[in-house]
Amino acid sequence: MPVLHHHRRHQDVAARAQQQQATDAVTTTEPAAPVAPTYREVERSPEELWEARSRIVLMPTAPPSILGLFGFMGATVMVGAWFAGWYGTATTPLILFPFAMVFGGFAQFTAGLFAYRARDGVATAMHGLWGSFWVAFGIMQLLVLGHLMPAIPLGTVNTSFAWWFIVLCVITAMGAMASLAESVGMACVLTLLAVGSGFTAAGFYAGWSTGIMIAGYLFVASAAVAWYVAGALMMKNAYGRTILPVGEMHLRPLAHTRAPSLPIQYEGGMPGAKIGQ
C-alpha cells in the first residue's frame, strides 16, 4: 500500500507539472513567425501587390502645358508680328517687353516647373527654356530703357544677339524630335519655333532683314499651333475626353534598345499628372 500511494503521488506531481508547462506556453509572449505568402499572393503581379500594400497621397495638377502654351502663344504672336513688319515703331520693344516678360516668361517658366512634377520631360525643358528666354528679353529691354546698352533694331548686324537664337534653335530642334513620341501638335509647335529661331539667328548674324521677316511669319505660325494645342488640352481637361485632336502618339521604346517594362503606378495615373499630360 505505501508503494501504491507513492506511485499515485508521483503521477499527480507529473500531471501538475505538465499542466503548468502548458499554461506557461500559452502565456509566454513570443514574436510571431513570418507568414509565408499565400498561393494567391505568389500568383499576383508586382503591380497588384504594390496597389494592395501601398498608401498613395495624391497632389493633383492640371496639365501644365495649358498655361505654358498660352503664355508662349501670347508673347510669340506679338513679337512675331513685329518681326514680320505688321506693325511697330522704334519704341515697340519697350512696349512689348512687360507683357512678354510676364506672360511668356514668368507664366511659362512656372508651367515648366509644374511640368517637372507631371513627369513630362519635353514640357519641362521647352517651357523652362523659352520662359527663361522671355525673362532675359525683358531684362535686356530694361537695360535699353535705362540707357545701359543700345537698342538692337531689326535687320542690323549683332552677332552676340544672334547667338541667343542659335542656342534656342538647337535645343528647340531636339525638343521637337523628342515630342514626336507624345504629340504631333507639340512637334509642329517646336519645329516651326526652331526654324524661326534659325532664321532669326541668320538675320542678326548677317544683317539680313528678309530672314527676320521670315522668322516673324514662322513665329506667328508656331503661336497659332500652340494656341490650338493649348485649347485642346484645356478642353480635354474640362470635358474629360478629347474634343480637338492633337495627334497623340504614345510611342513605346524599341525592343532592342530597352527591355520592356511596366511602370509601377495606378493605371489611370495621378489626376492631371500622368506622363505626357
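The structure this text deals with has already been given above.
Quantities reported herein were computed from a predicted structural model and do not represent experimental measurements.

A. Focus on the packing of aromatic side chains. Under the counting rule described, the total for this entry stands at 16 aromatic pairs. Where W86 meets Y217, the ring centres are 5.6 Å apart and the plane angle is 80°; that geometry is what we call edge-to-face. Taken together, the residues W86 in the loop between α4 (64-83) and α5 (92-117) and Y217 in helix α9 (residues 209-239) connect sequence positions 131 residues apart. Judged by relative accessible area, Y217 falls into the partly exposed class, the value being 43%. Taken together, the ring pairs in this structure connect F72, W130, F133, W134, F137, F161, W164, F165 and F204 into an aromatic cluster.

B. Layout of helix α8 (residues 184-206). The end-to-end C-alpha distance of α8, which contains 23 residues, comes to 33 Å, matching closely the 33 Å that a straight helix rising 1.5 Å per residue would cover. For α8, the side-chain oxygen to backbone nitrogen distance between the N-cap and G185 is 3.2 Å, and the N-cap itself is S183. G207 lies just past α8 and shows a positive phi near 65°.

C. Spatial organisation of the side chain of T92. On the secondary structure map, T92 appears in helix α5. Among the residues examined, T92 registers a relative accessible area of 6% and is labelled buried. Within polar-contact distance, the side chain of T92 engages the backbone nitrogen of T89 at 2.6 Å. Discounting residues that sit within four places of it in the chain, T92 has contacts with W82 and Y87.

D. Local environment of α9. Here α9 is 31 residues long and its end C-alpha atoms lie 45 Å apart, about the 45 Å a rise of 1.5 Å per residue gives. Taken from the residues just after α9, G240 is the one with a positive phi, measuring 80°.

E. Fine view of the environment of G207. For G207, the location among the structural elements is in the loop between α8 and α9. Judged by relative accessible area, which is 27%, G207 ranks as partly exposed. Taking the C-alpha atoms as reference, G207 lies 4.3 Å from V157; in sequence the two are 50 residues apart. Excluding residues within four positions of it along the chain, G207 makes contact with G155, T156, V157 and A202.

F. Geometry of unusual backbone geometry. Positioned with a positive phi, R119 is a non-glycine residue whose angle comes to about 60°. The residue R119 is located in the loop between α5 and α6 (121-145) in this model. Given a relative accessible area of 37%, R119 falls into the partly exposed group. Despite not being glycine, H147 has its phi angle at roughly 60°, a positive value. Secondary-structure assignment places H147 in the loop between α6 and α7 (159-179).

G. Focus on the pattern of salt bridges. For the structure on display, the rule yields 1 salt bridge. For the salt bridge of E248 with K236, the shortest nitrogen-to-oxygen distance reads 2.8 Å. Of the two residues, E248 is situated in the segment after α9 and K236 in helix α9; the sequence distance between them amounts to 12 residues. Taking relative accessible area as the criterion, K236 reaches 30% and is therefore assigned partly exposed.

H. Spatial organisation of the packing of α5 against α6. Running from N to C, α5 and α6 cross one another at 155°; their axes reach a closest spacing of 7 Å. Classified by the angle between their axes, α5 and α6 sit roughly antiparallel to one another. In this structure, α5 meets α6 at a crossing whose hand is left-handed. Tallied by class, the residues present in the contact of α5 with α6 amount to 20 nonpolar, 11 polar and no charged.

I. Quick look at the nonpolar core. Formed by 39 residues in total, the largest nonpolar core has its most connected members in L69, W130 and W134. Only α4, α5, α6, α7, α8 and α9 provide two or more residues apiece to this core. Not counting residues up to four positions away in its chain, the partners in contact with W130 are G104, Q108, L168, T172, L193 and S197.

J. Molecular detail of the packing of α4 against α8. Contact pair α4 / α8: the axes reach a minimum separation of 13 Å and the direction vectors enclose 35°. The chirality of how α4 crosses α8 is left-handed. Contacts between α4 and α8 pair S65, L69, F72 and F83 from the former with M186, V189, L193 and T200 from the latter. Classifying every residue of the contact of α4 with α8 gives 6 nonpolar, 2 polar and no charged.

So, how was this worked out
Residues numbered from 1 in each chain as written. Predicted model: local features only at pLDDT ≥ 70, side-chain atom pairs only at ≥ 80, totals over all residues. Heavy atoms only, no water. Phe/Tyr/Trp six-rings, centres within 6.5 Å; stacked < 30°, edge-to-face > 60°. Helix = DSSP H or I, 4+ residues; strand = E, 2+ residues; numbered from the N terminus. Buried < 20%, exposed > 50% of the residue type's maximum accessible area, 1.4 Å probe, protein only. Expected span 1.5 Å × (residues − 1). Polar contact = N/O pair within 3.5 Å; in protein donor to acceptor, adjacent residues only side chain to side chain. Contact = heavy atoms within 4.5 Å. Salt bridge = Lys/Arg side-chain N within 4 Å of Asp/Glu carboxyl O. Axes fitted to C-alpha atoms, helices over the stretch in contact; angles between N-to-C directions. Parallel < 35°, antiparallel > 145°, perpendicular 65-115°, else oblique. Left-handed = near helix turned anticlockwise from the far one by under 90°. Nonpolar A, V, L, I, M, F, W, Y, C, P; charged D, E, K, R; others polar. Core = buried A, V, L, I, M, F, W, Y, C linked by side-chain atoms within 4.5 Å.

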